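Chain by chain, the residues:
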Amino acid sequence: MLSQWFRGRHLVVRSALFSRRRVSSESTSTKDDVIVDFEDPDLPLPEYPKRPDEPLETRKQRLMYQSRKRGMLENDLLLSTFAHKYLKDFNAEQTALYDDLINGVSNDWDIYYWATGVKQTPKEYDTEIMKLLKLHVDNAERVTRFRQPELTYYLKC
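All of the points below concern the structure found in this document.

Rules used throughout
Residues numbered from 1 in each chain as written. Predicted model: local features only at pLDDT ≥ 70, side-chain atom pairs only at ≥ 80, totals over all residues. Heavy atoms only, no water. Helix = DSSP H or I, 4+ residues; strand = E, 2+ residues; numbered from the N terminus. Buried < 20%, exposed > 50% of the residue type's maximum accessible area, 1.4 Å probe, protein only. Contact = heavy atoms within 4.5 Å. Areas by Shrake-Rupley, 256 points an atom, 1.4 Å probe, with all protein chains shown as cover. Axes fitted to C-alpha atoms, helices over the stretch in contact; angles between N-to-C directions. Parallel < 35°, antiparallel > 145°, perpendicular 65-115°, else oblique. Nonpolar A, V, L, I, M, F, W, Y, C, P; charged D, E, K, R; others polar. Expected span 1.5 Å × (residues − 1). Arc of directions from axis to C-beta. Polar contact = N/O pair within 3.5 Å; in protein donor to acceptor, adjacent residues only side chain to side chain. Core = buried A, V, L, I, M, F, W, Y, C linked by side-chain atoms within 4.5 Å. Phe/Tyr/Trp six-rings, centres within 6.5 Å; stacked < 30°, edge-to-face > 60°. Salt bridge = Lys/Arg side-chain N within 4 Å of Asp/Glu carboxyl O.

**Things to note about the overall build of the protein chain**
Part 1: Helix and strand counts for the protein chain stand at five helices and three strands.
Part 2: Starting at the N terminus, the α and β elements of the protein chain follow one another as β-β-β-α-α-α-α-α.
Part 3: A total of 157 residues make up the protein chain; the buried ones form 36% of that total.
Part 4: Residue pairs at least 24 apart in sequence account for 53% of intrachain contacts in the protein chain once pairs closer than 6 positions are excluded.
Part 5: Counting every atom, the protein chain has about 10,800 Å² of accessible surface; 53% of that belongs to carbon and sulfur.

Laid out in structure tokens, this is it:
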């Protein structure tokens, strides 16, 4: 089993299986540590499995859950309130775009930065759903979003 530690922007993997070695005078690591740079374009990232035969209502329910459980509070609030407001009215194509957005991106901070306008949205994710999410984030109605919406409304759809 591999033990993994996050240090700064690098992943340190301790294992005798790797031949590359880490050299650092300030580190407490051992000679068997390997550094994997997250900025490395050749870093293999697992791909989210596509579900082409998933019924639309099942997909919407899954996306509702995934919008609420992102792993960072900022996206939990933004995406859960967005899904609460818009997901039930999405057609199959829009639902697929939303699925690709929240499950195709490997870093949730990217979604947050794109939605809030801190970073430029890449062309493959600059869709009608991202534009709608950006409008939602702008919050022209000045809605208070301190809590995630209740799930009970979705059972009626």
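**Notes on the packing of helix H4 (residues 108–116) against helix H5 (residues 128–138)**
Part 1: It is the contact of H4 with H5, at a shortest axis distance of 8 Å, that shows an interaxial angle of 70°. Comparing the axis directions of H4 and H5 gives the class roughly perpendicular. Along the contact surface, H4 presents Ile-111, Trp-114, Ala-115 and Thr-116, while H5 presents Met-130, Leu-133, Lys-134 and Val-137.
Part 2: Classifying every residue of the contact of H4 with H5 by side-chain character gives six nonpolar, one polar and one charged.

**What to know about helix H3 (residues 92–104)**
Part 1: For H3, which comprises 13 residues, the first-to-last C-alpha distance of 17 Å matches the rise-based estimate of 18 Å (1.5 Å per residue) to within 8%.
Part 2: Where H3 is concerned, the buried positions are Gln-94, Thr-95, Tyr-98, Asp-99, Leu-101, Ile-102 and Asn-103. Considered in projection along H3, the buried side chains sweep an arc of 170° and stay on one side of the axis.
Part 3: Where H3 is buried, its residues touch helix H1 (56–68), helix H2 (73–86), H4 and H5.
Part 4: Here H3 starts with a cap whose side-chain oxygen sits 3.0 Å from the backbone nitrogen of Glu-93, and that cap is Asn-91.

**Quick word on the nonpolar core**
Part 1: Phe-82, Leu-87, Phe-90, Tyr-98, Leu-101 and Leu-133 are the most contacted members of the largest nonpolar core, which totals 21 residues.
Part 2: Elements with a contribution of two residues or more to this core: H1, H2, H3, H4 and H5.
Part 3: In terms of residues, this core owes the most to one element, H2, which gives five residues.
Part 4: Apart from the residues within four sequence positions on either side, Leu-101 is in contact with Ile-111, Trp-114, Tyr-125, Ile-129, Met-130 and Leu-133.

**Thoughts on the environment of Leu-56**
Part 1: Summarising the element assignment, Leu-56 is placed in helix H1.
Part 2: Owing to a relative accessible area of 33%, Leu-56 belongs among the partly exposed residues under this scheme.
Part 3: In sequence terms Leu-56 and Asn-91 are 35 residues apart; their C-alpha atoms lie 8.4 Å from each other.
Part 4: In this structure, Leu-56 is in contact with Asn-91, Ala-92 and Thr-95, ignoring residues within four places of it in sequence.

**A word on the packing of aromatic side chains**
Part 1: Here the structure, examined in full by the defined rule, presents eight aromatic pairs.
Part 2: An angle of 40° between the planes, with centres 5.5 Å apart, marks the rings of Phe-82 and Tyr-98 as tilted. You can see Phe-82 sitting in helix H2 and its partner Tyr-98 sitting in helix H3, a full 16 residues away along the chain. Summarising the burial analysis for this pair, Phe-82 and Tyr-98 share the class buried.
Part 3: A network of ring pairs unites the aromatic residues Phe-82, Tyr-86, Phe-90 and Tyr-98 as a single cluster.

**Section: the pattern of salt bridges**
Part 1: Using the criterion set out here, one finds nine salt bridges in the structure.
Part 2: With its nearest N and O atoms 3.7 Å apart, the salt bridge here joins Asp-110 to Lys-119.
Part 3: Its salt-bridge partner being Asp-126, residue Lys-131 comes within 3.5 Å of it at the nearest N-O pair.
Part 4: By relative accessible area, which is 34% here, Asp-126 ends up partly exposed.
Part 5: Residues participating in the shared-partner salt-bridge network are Glu-54, Arg-59, Arg-62 and Asp-99.

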